[in-house]
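Chains, contacts and geometry: an overview
What follows is each chain in one-letter form.
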Amino acid sequence: MQSMLRRIVEHESPSDDKPSCDAMAEMLAQDFGAIGGRTKLHRDKITGNHLQVDFGGPRGAKPVLIVGHYDTVYPLGTLKQMPYRESKGRISGPGVLDMKGGIVQIHGAIAALQTQGGLPRPVTIILVSDEETGSESSRSITEKLAKQSAAAFVCEPAAGTDGALKTARKGVGDYLLRITGVASHSGLDFEKGQSAVLELARQIEKIAGFTDLKRGTTVNPGVIRGGTRSNVIAASAEAEIDVRVSTKRDVERVSKLFARLKPINRRCSLALSGGVNRPPMERTPGTAALFAQAQLIAAELSFSLAERMVGGGSDGNFTGAIVPTLDGLGAVGDGAHAVHEYIFATEMPKRAALLAGLIRAL
């Protein structure tokens, strides 16, 4: 497993580099093909190609869907400052936790089942190239496969170094609010101008009030742009706003709050775009049943499992709206998207065994 992990970590695959992503998809197609998978590339003109791998099983049984991504947030050349390393039981490198370690564990789980009499049911794996940038080109593929499946297992990193699984995720949204005002010279014609920056500041204060921590709703105006020079009344300004919500009801509530925004200065105009693009992955009875089964399997393997709700999104948000979904089955470690990103090497076979047990038990 460590040999495969080193090979795919040392092949960098940033989301925005299509040639590197395409080569990564081809490499993984060979790896999964070597253990009996039928591979299919969903080709895309802009993002990297998405890899689907199908394994047969007993006729009439719905497949289990295993979800992951091979793209990383690190630009090409990161390996020079952040090389693959194995030291004192830890493996570090760009994307080792999020989520190339999870891909290796998927491969290990399937390979193990293949040596023990074959798969108990069909398995479909989807590994996409654009999860880190919102899954715009792959979402429809993932959702289509989920509709054909009995359950989905997402091999994103575990929730924390204790290896907790993710039974709920917040929905994620991005809004862009643009303000148009009237430009003028701030010294000669101050009163003729209508400041888009001032209007945006007032709107931001209102928008920040949409946060409701008791409901698990957070609204963060995170990027602000506006104006041209200090002696010009700004004619335009804009804000990029991150939204996180816990339930589908809160998606509707927050959407209505944004839709009701109106100019405070009536000589300025507002243009709002965006919305919640990843629905909340709520803890359904089906997901709770999967987690209970995972706990039993973990106990047989002599370790314990906890569950958590997390604020970050994954493609599990898409599958969770369609079929029972268990997330966080990937590698255990810390530092996703950070320079100290690492996983615990000894956890990899345990997590692969857990995934194999879940496939067998479903």
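An account of the accompanying structure is given in this report. Quick caveat, the model's predicted, so the values are computed rather than measured. (Residues numbered from 1 in each chain as written. Predicted model: local features only at pLDDT ≥ 70, side-chain atom pairs only at ≥ 80, totals over all residues. Heavy atoms only, no water.)

Turning our attention to the nonpolar core. Counting residues in hydrophobic clusters, the biggest one holds 56 residues, and the most contacted among them are I110 and I125. In this structure, I125 is in contact with F32, L51, Q52, V53, F55, I66, I106 and I110, ignoring residues within four places of it in sequence. Counting 18 residues, the second-largest nonpolar core is a separate cluster that includes Y175, I207, A239 and L261. (Core = buried A, V, L, I, M, F, W, Y, C linked by side-chain atoms within 4.5 Å. Buried < 20%, exposed > 50% of the residue type's maximum accessible area, 1.4 Å probe, protein only. Contact = heavy atoms within 4.5 Å.)

With that settled, the discussion passes to the sheet that holds strand β16 (residues 325–326). With respect to topology, 6 strands assemble into an open sheet ordered β1-β2-β6-β3-β7-β16, the strand pairing being mixed. Each having just a single partner strand, β1 (38–42) and β16 make up the two edges of the open sheet. Pairing of strand β2 (residues 50–55) with strand β6 (residues 123–128) involves 5 bridges; the strand directions are antiparallel. Bridging from a neighbouring strand, Q52 pairs with I126 of β6. Helix-sheet contacts for helix α2 (residues 18–33) involve β1, β2 and β6, and the interaxial angle to β2 is about 5°. (Pairing = 2+ DSSP bridges. Helix = DSSP H or I, 4+ residues; strand = E, 2+ residues; numbered from the N terminus. Axes fitted to C-alpha atoms, helices over the stretch in contact; angles between N-to-C directions.)

Strand order in the open sheet formed by 4 strands is β11-β13-β9-β14, and the pairing between neighbours is antiparallel. Each having just a single partner strand, β11 (218–226) and β14 (269–278) make up the two edges of the open sheet. Averaged over all neighbouring strand pairs, the angle between strand axes comes to 15°, with direction disregarded. Bridging between strand β9 (residues 171–180) and β14 involves 9 bridges; their strand directions are antiparallel. In the strand pairing of β14, L177 is matched with L272.

Looking now at unusual backbone geometry. In terms of backbone geometry, most residues other than glycine have negative phi values and most peptide bonds are trans. Looking along the chain, the bond that leaves D98 and enters M99 is cis, with omega of -10°. Mapped onto the elements of the fold, M99 is located in helix α3 (residues 96–114). Within the chain, S135 stands out as a residue other than glycine whose phi angle is a positive 60°. For S135, a relative accessible area of 0% corresponds to the buried category. A positive phi is found at S302, a non-glycine position, where the angle reads about 70°. Structurally, S302 is set in the loop between α7 (285–300) and β15 (307–310).

A ring pair, where both rings are aromatic, is described by two values, the distance of the centres and the angle of the planes. Evaluation of the coordinates by the stated rule reveals 3 aromatic pairs. Seen in terms of ring centroids, F210 and F258 are 5.2 Å apart; in terms of plane orientation they differ by 80°. Their pairing is edge-to-face. On the criterion of sequence distance, the pair formed by F210 in the loop between α5 (196–208) and β11 and F258 in helix α6 (residues 248–259) is long-range, its members being 48 residues apart. Classification of F258 by relative accessible area gives buried; the value is 1%. Taking the centre distance of 5.5 Å and the plane angle of 80° together, the rings of Y342 and F344 count as edge-to-face. Here the aromatic cluster, defined as three or more aromatic residues joined through ring pairs, consists of Y175, F210 and F258. Taking NZ or CZ as reference, R90 lies 4.1 Å from the ring centre of Y342, over its face. Over the ring of F303 we find K350; its NZ or CZ atom is 5.0 Å from the centre of that ring. (Phe/Tyr/Trp six-rings, centres within 6.5 Å; stacked < 30°, edge-to-face > 60°. Lys NZ or Arg CZ within 6 Å of the ring centre and 35° of its normal.)

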